[in-house]
Amino acid sequence: MEVFKTKAALKAYLEPLKAAGKKIALVPTMGALHNGHISLIKLAQENADVIVCSIFVNPTQFTDPKDLEKYPRPIEHDLAMLNTAGCSAVFMPNVEEMYPEGAGENWHINLGNAEFLLEGAFRKGHYQGVTQIVKKLFDAVEPDVAMFGQKDYQQVLMIKNMLEHFKLPINIITCPIIREDDGLAMSSRNIHLSKTDRKNALVLSKSLQYVVDNFQSYSFDELVKQAKAFYNDLEGVELDYFTIAKGDTLQPAETKEEKSLVALVAAKVGATRLIDNMIIK
Ligand SMILES: Nc1ncnc2c1ncn2[C@@H]1O[C@H](COP(=O)(O)OP(=O)(O)OP(=O)(O)O)[C@@H](O)[C@H]1O
Ligand SMILES: CC(C)(CO)[C@@H](O)C(=O)[O-]
Ligand code: BAL
């Protein structure tokens, strides 16, 4: 497995592979890898010949400086996991490499109304930062396909809108959420959960599953009310939102006949903010 820290070195590695007609996949991550990330690498291998995984903790998408500061960075462990998974190359630039003009560099694009909902409402400017770095990664790799996890459901929509904005010819593949045996969605931030937090964190997947299982039995308002009640007696758990939304716009769901519906949740469990979602249809 090759490891590159500069765009120039990565480009020199990719050029002959592209010239030989190899299909390139990009798997963007912020590191602290788990089996969710590895599932993206595996799906990438089914869709391309050369797999580039980027590891970069992007400062411009963090709205809480403490969250950025304590983001886990176990780089040796990450490289070992990627090597075992058969990843072709890792791109792990530093901040100066990605933001030569500094992280305050100008960036603003129209991502549509969904930018300001849910995660965008709780982490203002988050999706400008995400699309800013993903565009830079796309420019550095110029992949044929790029893999993203459904766990960050809204992120996938925003990236597709960014692609449309720049008319980039990249195929976005959304990968299913990989969960622990008890249902908790794998996440790099799970490492911060105390033993009690870890137990309490199950409320996210349990409340989502409840909505999926009982979708036909109650109105949306009633379902959301019942799902929110799961959080009532849990000390140390604070719900940011629980919603049933239209899958394409993230506007609140109106009718059960909608072609795509998704339940999404975000909650602070102890000091750790977690997100999760389940597609209803
Ligand atoms: N459990 C999972 N299953 C599938 N894909 C996942 C999972 N967790 C993360 N991903 C995807 O991996 C990519 C990189 O995510 P990232 O490095 O932010 O990891 P993360 O676990 O989501 O971390 P955190 O949620 O703590 O920021 C994203 O496209 C994300 O959606
Ligand atoms: C896509 C991403 C790597 C951009 O920093 C990040 O938001 C993530 O890990 O989901
Ligand atoms: N996986 C989403 C990256 C973030 O939380 O900033």
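Everything below is about the structure printed above this text.
Residues numbered from 1 in each chain as written. Chains lettered and ligands numbered in written order. Predicted model: local features only at pLDDT ≥ 70, side-chain atom pairs only at ≥ 80, totals over all residues. Heavy atoms only, no water.

## Remarks on the sheet that holds strand β2 (residues 24–29)
- If you trace the 6 strands from one edge of the open sheet to the other, you get β1-β4-β3-β2-β5-β6, paired in parallel fashion. Each having just a single partner strand, β1 (2–4) and β6 (171–175) make up the two edges of the open sheet. Recorded for the sheet is a direction-independent mean angle of 25° between the axes of neighbouring strands.
- The pairing of β2 with strand β3 (residues 50–55) spans 6 bridges and is classified as parallel. Residue Ile24 lies in a different strand from β3, and its bridge partner there is Val50.
- The sheet contacts of helix α4 (residues 75–85) involve β1, β3 and β4 (89–91), and relative to β3 the element is tilted by about 165°.
- Contacting β2, β3, β4, β5 (145–149) and β6, helix α7 (residues 126–141) crosses the sheet at an angle of about 150° to β2. (Pairing = 2+ DSSP bridges. Helix = DSSP H or I, 4+ residues; strand = E, 2+ residues; numbered from the N terminus. Axes fitted to C-alpha atoms, helices over the stretch in contact; angles between N-to-C directions. Contact = heavy atoms within 4.5 Å.)

## Side note on the sheet that holds strand β9 (residues 272–279)
- The 3 strands lie next to each other as β7-β8-β9, forming an open sheet whose pairing is antiparallel. Only two strands of the sheet have a single partner each, and these edge strands are β7 (237–246) and β9. Going from strand to strand, the sheet's axes swing by 15° on average, the running direction of each strand aside.
- Pairing between β7 and strand β8 (residues 261–269): 9 bridges, direction antiparallel. Looking at the pairing, Tyr241 lines up with Ala266 of β8.
- Seen against the sheet, helix α10 (residues 202–213) touches β7, β8 and β9 and runs at an angle of roughly 20° to β9.

## Re α4
- Buried within α4 we find Asp78, Leu79, Leu82 and Ala85. Seen along its axis, α4 keeps its buried residues to an arc of 130°; they face one direction. In this structure, α4 carries Glu76 and Thr84 as exposed residues pointing more than 90 degrees from its buried face.
- In this structure, the buried residues of α4 make contact with β1, α2 (35–47), β3 and β4.
- Following α4 by one or two positions, Gly86 has its phi on the positive side, about 85°. (Buried < 20%, exposed > 50% of the residue type's maximum accessible area, 1.4 Å probe, protein only. Arc of directions from axis to C-beta.)

## Examining the nonpolar core
- In this structure, Val52, Phe138 and Ile172 are the most contacted members of the largest nonpolar core, which totals 43 residues.
- Here the element with the most residues in this core is α7; it accounts for 8 residues.
- Both domains that furnish three or more residues to this core are identified here as domain 1 (2–175) and domain 2 (188–274).
- When neighbours within four sequence positions are excluded, Ile172 is seen to be in contact with Phe138, Ala146, Phe148, Val156, Ile159, Lys160 and Leu163.
- Counting 26 residues, the second largest nonpolar core, distinct from the first, contains Leu193, Leu223, Leu261 and Val269. (Core = buried A, V, L, I, M, F, W, Y, C linked by side-chain atoms within 4.5 Å. Domains from an automatic or database assignment.)

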